[in-house]
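Inside the fold
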Amino acid sequence: MSLYSFGLEPLSCHAWNKDKTQIAISPNNNEVHVYQQNGKEWNKIHELTEHSGRITGIDWAPESNRIVTCASDRNAYVWTLKDAVWKPTLVLVRINRAATCVKWSPLENKFALGSGARLISVCYFEKENDWWLSKHIKKAIRSTVLSLDWHPNNVLLAAGSADLHCRVFSGYIKDIEDKPGPTPWGAKMPFGELLLEHRDCGGWVHGVSFSPSGDSLAWVSHSSTIGVVDAAQGKEVTQLTVEHLPLMTVLHVSETEIAAAGHDCCPYQYSYKGPGSLEFVKKLDIPKQSSKSLVSAMQLFRNLDKKATSEEDNSELDTLHQNSIIQLCIVEGDRGKVEKFSSVGLDGAVVIWDVKVRGHL
């Protein structure tokens with residue numbers, strides 16, 4: 001585990017470049033800061049300042065080296081590095097509410113953007129006019145889209161929203177890609193086709209994550225629930241109500257192992273072995289050594305005299321993060337076998353976690 005502090009401001013989102021030597025973060029405002037790693041230090045090398053509203057999503061395409069950002073100003077930009085300067089291109093997302101999240105597809109030929117406009121914009125580049133266009137998925141969505149994840153086949157798109165639903169849509173755009181083959185989620189996949197709608201998530205769906213094979217989908221909701229729907233098993237749903245505070249983000253670290261984190265300020269590991277078999281495995285954070293046992297008798301008397309209490313006034317949590325975790329990202333390994341992942345939180349810190357699963361966390 002490694003902890004890096006980027007100031008006192010909360011970090012709303014982050015993304016890594018391909019070789020993980022640079023990180024793009026937003027300090028909860030309208031700017032994106034790009035840092036370069038130099039030994040144990042991180043040096044700021046770029047500031048992306050085109051947005052006029054708070055940044056809500058960042059994703060960095062590893063192969064094309066393009067960054068996509070979205071914000072509460074209802075805009076999205078695709079950034080391209082030219083002559084050591086990041087140049088923005090405006091995307092015609094056509095939304096009248098704040099953008100909330102953004103995600104490149106696996107082949108990086110399109111990206112999906114969620115918003116408060118109760119729709120998903122699937123954006124792609126049109127070479128003829130040299131701009132980014134969008135097509136809207138509106139069917140069935142009745143509130144703000146909070147989370148997105150692409151299926152490995154580059155076509156299916158999972159979405160969690162504030163209407164307490166988890167859905168899977170087709171994001172197939174015939175102008176730029178070949179017709180997809182059948183999957184366990186469905187065979188016919190015209191654009192916008194609704195392939196799954198799970199209504200009993202219990203709360204706002206803050207995070208969604210396809211498994212490496214794409215056969216199952218995990219989500220976390222504000223009801224302190226984590227769930228998995230298994231397309232290979234007739235779309236059977238397994239849910240687990242956790243004992244801690246609500247989870248905000250979820251990430252598959254292997255086909256059967258899931259990492260999730262949220263308001264408890266530390267990541268947890270869960271295991272899914274099939275329908276009805278979703279279980280908590282362990283807390284991934286190691287509690288800090290308590291200092292209370294080291295308080296001397298003299299210090300006890302001083303505390304009684306000054307504060308009318310025998311305990312130290314220690315408001316520090318025994319976790320690496322000192323506030324809620326907002327997002328998890330893969331740092332090392334691929335989706336089928338993640339070796340390290342990162343977390344960002346409202347404490348302004350980035351923590352890199354080593355993955356050791358039973359059979360691999």
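Residues numbered from 1 in each chain as written. Predicted model: local features only at pLDDT ≥ 70, side-chain atom pairs only at ≥ 80, totals over all residues. Heavy atoms only, no water.

1. Focus on the confidence of the model for the protein chain
Applicable threshold: Scored between 0 and 100, pLDDT is the confidence that the predictor attaches to each residue. Note on definitions: a residue-residue contact is assigned when non-hydrogen atoms from the two residues lie within 4.5 Å.
Looking at the protein chain, pLDDT values average 91 and 91% of them are 70 or higher. Below a pLDDT of 50 lies the segment residues 289–294, which in the model reaches three contacts outside its immediate sequence neighbourhood of four places, other chains included.

2. A look at the sheet that holds strand β17 (residues 194–198)
Selection criterion: DSSP calls a pair of strands paired once it identifies at least 2 bridges connecting them. Think of it this way: any DSSP run of H or I at least four residues long counts as a helix, any run of E at least two long counts as a strand, and we number them from the N terminus. Axis definition: a line fitted to C-alpha atoms, limited for helices to the stretch in contact. Angles are taken between N-to-C directions and run from 0 to 180 degrees.
With respect to topology, four strands assemble into an open sheet ordered β14-β15-β16-β17, the strand pairing being antiparallel. Whereas interior strands pair on both sides, the edge strands pair on one side only; in this sheet they are β14 (145–150) and β17. Averaged over all adjacent pairs, the angle separating strand axes in this sheet is 20 degrees, with direction ignored.

3. Quick notes on the pattern of salt bridges
Quick reminder of the rule: Any Lys or Arg side-chain nitrogen located within 4 Å of an Asp or Glu carboxyl oxygen qualifies as a salt bridge. Relative accessibility decides the category of a residue: with a 1.4 Å probe and only protein chains considered, values under 20% of the type maximum give buried, values over 50% give exposed, and everything between is partly exposed.
A full pass over the atoms with the stated rule returns nine salt bridges. Measuring nitrogen to oxygen at the nearest pair gives 2.9 Å for the salt bridge that ties aspartate 163 to arginine 167. You'll find aspartate 163 and arginine 167 in the same group, each marked buried. Residue arginine 167 pairs with glutamate 197 through a salt bridge whose shortest N-O separation is 3.0 Å. Residue arginine 167 is found in strand β16 (residues 166–170), and its partner glutamate 197 is found in strand β17; the two are separated by 30 residues along the sequence. Within the structure, one salt-bridge network assembled from shared partners comprises Asp163, Arg167, Glu197 and Arg199.

4. Some remarks on the sheet that holds strand β7 (residues 66–71)
With antiparallel pairing, four strands are arranged side by side in an open sheet as β6-β7-β8-β9. Among the strands making up the open sheet, the edge pair consists of β6 (55–60) and β9 (85–90). Recorded for the sheet is a direction-independent mean angle of 25 degrees between the axes of neighbouring strands. With five bridges connecting them, β7 and strand β8 (residues 76–82) associate as antiparallel partners. Note on β8: the bridge partner recorded for arginine 66 is threonine 80.

5. As for the pairing of strand β21 (residues 236–241)
Pairing geometry for strand β20 (residues 225–230) and β21, over six bridges, is antiparallel. Looking at the pairing, valine 228 lines up with threonine 238 of β21.

6. Quick word on the nonpolar core
For clarity, the threshold we go by: Put simply, a nonpolar core is a bunch of buried Ala, Val, Leu, Ile, Met, Phe, Trp, Tyr and Cys residues held in one set by side-chain atoms that sit within 4.5 Å of each other.
Within the largest apolar cluster, 18 residues are counted, with the highest numbers of intra-cluster contacts made by Leu156, Val168, Trp185, Val208, Leu217 and Trp219. In terms of residue count, strand β18 (residues 205–210) provides more of this core than any other element does, three residues in total. What valine 168 contacts, discounting residues up to four positions off in sequence, is Leu156, Leu157, Ala158, Trp185, Glu193, Leu194, Leu195, Leu196, Phe210 and Leu217.

7. Here's the deal with the environment of lysine 110
So the rule is basically this: Polar contact is the term for a pair of N or O atoms within 3.5 Å; when the atoms are in protein, one must be able to donate a hydrogen and the other to accept it, and sequence-neighboring residues count only if both atoms are side-chain atoms.
Here lysine 110 shows up in strand β11 (residues 110–115). The class for lysine 110 is buried, based on a relative accessible area of 0%. Once the C-alpha coordinates of lysine 110 and isoleucine 141 are considered, the two residues, 31 residues apart in sequence, prove to be 21 Å apart. Of note is the side chain of lysine 110, whose polar atom sits 2.5 Å from the side chain of glutamate 177.

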